[in-house]
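Descriptive structure summary
Spelled out from the first residue to the last, the chains are:
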Amino acid sequence: MSVTQQQVLDSLARVQSPRGVALPHANVLSAISASDGKVFFSINVDAAEARAWESVRAEAEAAVRSIPGVTTVMVALTAERKPGSAPPPPPQPSRGAPGVQPAHAHKPPQGGGSPMARQSEIPGVAAVIAVASGKGGVGKSTTALNLALGLRDLGLKVGLLDADIYGPSVPRLTGLRDKPELNDERKMIPLRRFGLAIMSIGFLVEEETAMIWRGPMVMSAVTQMLRDVEWGKLDVLVVDMPPGTGDAQLTLAQNVPLKGAVIVSTPQDLSLIDARRGLAMFKKVNVPVLGIVENMSYFQCPHCGTRSDIFGHGGARHEAEKLGVPFLGEIPLHMAIRATSDAGNPVVDSEPEGPHAAIYRAIAGQVRDQLKGVIATA
Ligand code: ADP
């Protein structure tokens, strides 16, 4: 049964807002996305008012959930600080209740402090690491998934969160299309494939919906996927970040409780410049860079196995040395990697004895070693 925007608005008419009018008349609602029983919208308020709206957000979610045919609801509370307004109050410690913290309310003080001190951990998850790139199309998502599988092969419990809100590719890379179900506490249960717990914004909304979100909505959606998902016990949660180093990425990097970041780059100069921006971004928010992966490093002929350094190989290794960050490894440009990725059978899982799986596992080994002391099994 399909749910219409009008049905959503009708259900929201029962929710009172702190402005003394029903929610649809409070001038705070974003466009409503309603398709296939999945409903998503945000409530946009000033950061100074955010706390008063959290209960409204929860009521709105409950009201929409009661519409017959609704299977998934995600209501994000986004809080933007108006120029000149008072700083938002500090967030209350989370007691595990589902809900999105105001996007800017737990922004760290500029320039200071350890990231761990300002970000609350995710219960049960020992280490959250980001896989990032300075620009799109460098193979960040392919690397994130295969790295997650490499970590799995080392005996770790691993999750994958596709936070690439501008182009969630994990549904394509994993072949997963189902909607996550909710548990009794109304937390989303991640989908499972290849022994990984997997969550993607692509499971919840259409790609086009995610693409038009503004920065604060991106942050709210990702926060919700981190905290309102029943991740269970994980050694490592790999977060596939949105490509680039703009405001949305910076906000994410400082709001997600990251233990480290892996930067993916191709050998071309341009993306190395972009990779440098990525390094600078994580430095700014005090997240340790675990290293650089050079993807599409050299061309390996699928027929004869001959290697050609068509891109002037070695740039990323050199760059890493210069910048004093570990070089984690080079992954060839190979048909098998592309074909398996795009068919939903990542190479580490589908060709575990092959050379590519070995490369990803070696990279995973270095990442694990750097997380020693954080993850119990390392
Ligand atoms: P990003 O997340 O950076 O946008 P993707 O991981 O989606 O990039 O990869 C972009 C395209 O490149 C996909 O079609 C993927 O299969 C392909 N690809 C990624 N890494 C490799 C590789 N090492 N060899 C061949 N194809 C690759």
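Below: a short report on this structure. Model, not experiment: these values are computed from the prediction.

This paragraph deals with the pairing of strand β9 (residues 258–265). Buried residues dominate β9, accounting for eight of its eight residues. Alignment of strand β4 (residues 125–132) against β9, held across five bridges, turns out to be parallel. Bridging from a neighbouring strand, Ala 132 pairs with Ile 263 of β9. Pairing geometry for β9 and strand β10 (residues 289–300), over five bridges, is parallel. Considered in β10, the bridge of Ala 261 is made with Val 289.

A few words now on the packing of helix α1 (residues 5–12) against helix α2 (residues 50–65). Packing of α1 against α2 leaves a shortest axis separation of 9 Å and a crossing angle of 130 degrees. When the axes of α1 and α2 are compared, the pair comes out oblique. Handedness of the α1/α2 crossing: right-handed. Here α1 contributes Val 8, Ser 11 and Leu 12 to the contact with α2, which in turn contributes Ala 60, Ala 63 and Val 64. Taken together, the residues of the contact of α1 with α2 break down into five nonpolar, one polar and no charged.

Before going further, it helps to spend a moment on the site of the ligand. The immediate surroundings of the ligand are formed by 17 residues, with Gly 137, Lys 140, Ser 141, Thr 142 and Pro 332 found nearest. In this structure, Val 138 approaches the ligand through a main-chain N or O atom, which is 3.1 Å from an oxygen atom. Within the contact set of the ligand, a nitrogen atom lies 3.1 Å away from a backbone nitrogen or oxygen of His 334. For the ligand, the protein covers 85% of the area, taking 560 Å² as the surface of the free molecule. Of all the elements in the fold, those that place two or more residues in the shell around the ligand are α4 (140–153), β10, β12 (327–333) and α11 (335–342). With four residues, α11 is the largest single contributor of residues to the shell around the ligand. For the shell around the ligand, a count of residues per class yields six nonpolar, seven polar and four charged.

On to the nonpolar core. Residues Leu 147, Leu 151, Met 199, Trp 231, Val 238, Phe 282 and Val 367 are the most contacted members of the largest nonpolar core, which totals 89 residues. Here this core spans two domains, and each of domain 1 (5–102) and domain 2 (125–370) adds at least three residues to it. When sequence neighbours within four positions are dropped, the list of residues in contact with Leu 147 reads Ile 129, Val 131, Val 262, Tyr 360, Ile 363, Ala 364 and Val 367. Counting residues in each nonpolar core, the second largest holds 22 residues, with Leu 12, Phe 41, Trp 53 and Val 64 among its members.

Burial runs high along strand β2 (residues 38–46): eight of the nine residues are buried. Across three bridges, the pairing between strand β1 (residues 33–35) and β2 is antiparallel. Paired with Ser 35 across the bridge in β2 is Lys 38.

Our next topic: the environment of Gly 175. Within the element layout of this structure, Gly 175 appears in the loop between α5 (170–174) and β6 (191–193). Relative accessible area serves as the criterion here: at 44%, Gly 175 is assigned to the partly exposed category. The sequence separation of Gly 175 and Asn 345 amounts to 170 residues, and the corresponding C-alpha distance is 7.6 Å. Non-local contacts of Gly 175, meaning those with residues more than four positions away in its chain, are made with Val 170, Arg 193 and Gly 344.

Within the secondary structure, Gly 69 is located in the loop between α2 and β3 (72–80). Under the relative-accessibility criterion, Gly 69 is labelled partly exposed at 30%.

Okay, helix α13 (residues 355–370) next. For α13, with 16 residues, the first-to-last C-alpha span of 23 Å sits near the 22 Å given by 1.5 Å per residue. Regarding α13, the residues found buried are His 356, Ala 357, Tyr 360, Ile 363, Ala 364, Gly 365 and Val 367.

With that settled, consider the side chain of Ser 133. With respect to the helices and strands, Ser 133 occurs in the loop between β4 and α4. A relative accessible area of 3% means that Ser 133 is categorised as buried. Side-chain polar atoms of Ser 133 contact the backbone oxygen of Lys 135, separated by 2.8 Å. Those residues in contact with Ser 133, other than ones at most four positions away along the chain, are Val 138, Lys 140, Pro 243, Gly 244 and Val 264.

Per the stated rule, a full pass over the model turns up 14 salt bridges. The partner of Arg 338 in a salt bridge is Asp 342, with the nearest N and O atoms 2.7 Å apart. Placement of the pair is Arg 338 and Asp 342 together in helix α11, with a separation of four residues, close to one helical turn. Take Arg 338: its relative accessible area is 46%, and that puts it in the partly exposed class. Here the salt bridges do not stand alone but share partners, grouping Glu 54, Arg 57, Glu 61 and Arg 65 into one network.

Let us look at unusual backbone geometry. In the Ramachandran plot, Arg 186 falls in the positive-phi region, its phi being about 65 degrees despite a non-glycine side chain. Along the polypeptide, Arg 186 turns up in the loop between α5 and β6. For Arg 186, a relative accessible area of 41% gives the class partly exposed.

Rules behind the numbers
- Residues numbered from 1 in each chain as written.
- Predicted model: local features only at pLDDT ≥ 70, side-chain atom pairs only at ≥ 80, totals over all residues.
- Heavy atoms only, no water.
- Buried < 20%, exposed > 50% of the residue type's maximum accessible area, 1.4 Å probe, protein only.
- Helix = DSSP H or I, 4+ residues; strand = E, 2+ residues; numbered from the N terminus.
- Pairing = 2+ DSSP bridges.
- Axes fitted to C-alpha atoms, helices over the stretch in contact; angles between N-to-C directions.
- Parallel < 35°, antiparallel > 145°, perpendicular 65-115°, else oblique.
- Left-handed = near helix turned anticlockwise from the far one by under 90°.
- Contact = heavy atoms within 4.5 Å.
- Nonpolar A, V, L, I, M, F, W, Y, C, P; charged D, E, K, R; others polar.
- Near = heavy atom within 4 Å.
- Polar contact = N/O pair within 3.5 Å; in protein donor to acceptor, adjacent residues only side chain to side chain.
- Areas by Shrake-Rupley, 256 points an atom, 1.4 Å probe, with all protein chains shown as cover.
- Core = buried A, V, L, I, M, F, W, Y, C linked by side-chain atoms within 4.5 Å.
- Domains from an automatic or database assignment.
- Expected span 1.5 Å × (residues − 1).
- Salt bridge = Lys/Arg side-chain N within 4 Å of Asp/Glu carboxyl O.

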